[in-house]
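Chain and residue survey
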Amino acid sequence: MALIYCRECGKQISDNAVACPHCGCTLVKPVVVDPNKSDKDWLTCVLLSFFLGALGIHSFYVGKTAIGIVQILTLGGCGIWQLIDFIMIVCGSYRDADGKLIINK
Ligand SMILES: [Zn+2]
């Protein structure tokens, strides 16, 4: 449980409250986290795949260790694999080790 602040009166309230106990306003529910969305940072992935993609660093970053090792051994599939991964990441269709999409938040 985390603490958030009421939009109306600015007082601290619990994040599972449905109404503010201080001013009585109805609380807007926090944005529900998409279960299909990765918590990995999209921009970090873009930069890692661009600069260090030949070493599979972006694969390690998203938890795909086995793929990362293969990419090191093949130098990012001679650059082709690196390029494909980079394009997929930029387009928001790249998935992490849990199969969740890494997209620009
Ligand atoms: Zn309030």
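Please read these numbers as outputs of a predicted model, since none were measured by experiment.

Calculation rules
One numbering rule holds for all chains: residues counted from 1, following each sequence as written. Residue-level local features of this predicted model are given only where pLDDT is at least 70; pairs of side-chain atoms are given and counted only at 80 or more, and the full residue set underlies all totals for whole chains, interfaces and linings. For the domains described, the bounds stem from an automatic or database domain assignment. Axes here mean lines fitted to C-alpha atoms, for a helix over just the part in contact, with angles spanning 0 to 180 degrees between N-to-C directions. Secondary structure elements are defined from DSSP: runs of H or I of at least 4 residues count as helices, runs of E of at least 2 residues count as strands, and each element is numbered from the N terminus. For classification purposes, an angle smaller than 35 degrees is called roughly parallel, one larger than 145 roughly antiparallel, one from 65 to 115 roughly perpendicular, and anything else oblique. Note: crossing handedness is left-handed where the near helix turns anticlockwise from the far helix by less than a right angle, and right-handed where it turns clockwise. The contact rule is simple: place each C-beta atom from the backbone, and if two of them lie within 7 Å, those residues are in contact. Three residue categories are used. Nonpolar comprises Ala, Val, Leu, Ile, Met, Phe, Trp, Tyr, Cys and Pro, charged comprises Asp, Glu, Lys and Arg, and polar comprises the others, including Gly.

On domain assignment, one finds that the protein holds domain 1 (1–30) and domain 2 (34–105). Centre-to-centre, using C-alpha coordinates, domain 1 lies 38 Å away from domain 2.

Axes are the key here: two packed helices are described by the angle between their axes and the distance separating the axes. Two elements in contact, helix H1 (residues 42–52) and helix H5 (residues 80–91), have axes whose closest approach is 9 Å; the angle formed by their N-to-C orientations is 165 degrees. Compared by their axis directions, H1 and H5 come out roughly antiparallel. Considering only the axes of H1 and H5, their crossing is left-handed. Contact with H1, carried on its side by Cys45, Val46, Ser49 and Phe50, involves Gln82, Asp85, Phe86, Ile89 and Val90 of H5 and no other residues of that element. Split by residue class, the contact of H1 with H5 holds six nonpolar, two polar and one charged.

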